[in-house]
Amino acid sequence: MTVEDEVRARSAAWDSALVRNDAPLVARFMTEDWVYVGPTGPTPKADVIGWIAAGRLVHHTMVVAGGERVVPAGDTVLLTARKTSSGSWDGAPYEADEWISEVYVRTDNGWRCALSQKTVAVAG
């Protein structure tokens, strides 16, 4: 299996864990200092995992919609893809169509994500 295939599989497994809303499992896909960067700025791992554990953030679907690109650089891999998702935030339903960039690093426990950045997809 190529590095690119390993990271694609790891990302797909992480998406599956998110849809299961299993906070401890989701946390295992992230480095300890993982951060999510969105429209309001950076959010640390502890916040996101806490929201999932408390049921504030619930994922129903997470699907790669296209544009997937995987670029290895030594023990680091950049994955960029268009993803659609649905779920709820504080009980309010949401649907998202976003471009996501994830930085994966090779660790003693396999590939883990160190940074995730999302931006809303727009028709181009």
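To be clear, the structure that these remarks concern was listed above.
Okay, so let's go over this structure. (Residues numbered from 1 in each chain as written. Predicted model: local features only at pLDDT ≥ 70, side-chain atom pairs only at ≥ 80, totals over all residues. Heavy atoms only, no water.)

**Considerations on the sheet that holds strand β5 (residues 92-107)**
Taken together, the six strands give an open sheet; going across it, the order is β2-β1-β6-β5-β4-β3, and neighbouring strands pair in mixed fashion. The strands lining the two open edges of the sheet, one partner per strand, are β2 (41-44) and β3 (57-73). Strand-to-strand twist of the sheet, defined as the mean angle between neighbouring strand axes without regard to direction, takes the value 25°. Across four bridges, the pairing between strand β1 (residues 30-38) and β2 is antiparallel. Bridging from a neighbouring strand, G38 pairs with G41 of β2. Relative to β2, helix α3 (residues 45-54) is tilted by about 65°, and along the sheet it contacts β1, β2, β3 and β4 (76-89). (Pairing = 2+ DSSP bridges. Helix = DSSP H or I, 4+ residues; strand = E, 2+ residues; numbered from the N terminus. Axes fitted to C-alpha atoms, helices over the stretch in contact; angles between N-to-C directions. Contact = heavy atoms within 4.5 Å.)

**A few points about the packing of aromatic side chains**
In total, this model carries four aromatic pairs according to the counting rule given. Here W14 and W34 contribute two aromatic rings whose centre-to-centre distance is 6.3 Å and whose plane-to-plane angle is 80°, an arrangement assigned as edge-to-face. Of this pair, W14 sits in helix α1 (residues 3-20) while W34 sits in strand β1; the two residues are 20 residues apart in sequence, bridging distant segments of the chain. On the accessibility criterion, W14 (3% relative accessible area) is buried. For W34, a relative accessible area of 5% puts it in the buried group. Each ring, one from W51 and one from W89, has its centre 4.9 Å from the other, and the planes form 75°; the classification is edge-to-face. Taken together, the residues W51 in helix α3 and W89 in strand β4 connect sequence positions 38 residues apart. On the basis of relative accessible area, W51 is assigned to the partly exposed category, the value being 25%. (Phe/Tyr/Trp six-rings, centres within 6.5 Å; stacked < 30°, edge-to-face > 60°. Buried < 20%, exposed > 50% of the residue type's maximum accessible area, 1.4 Å probe, protein only.)

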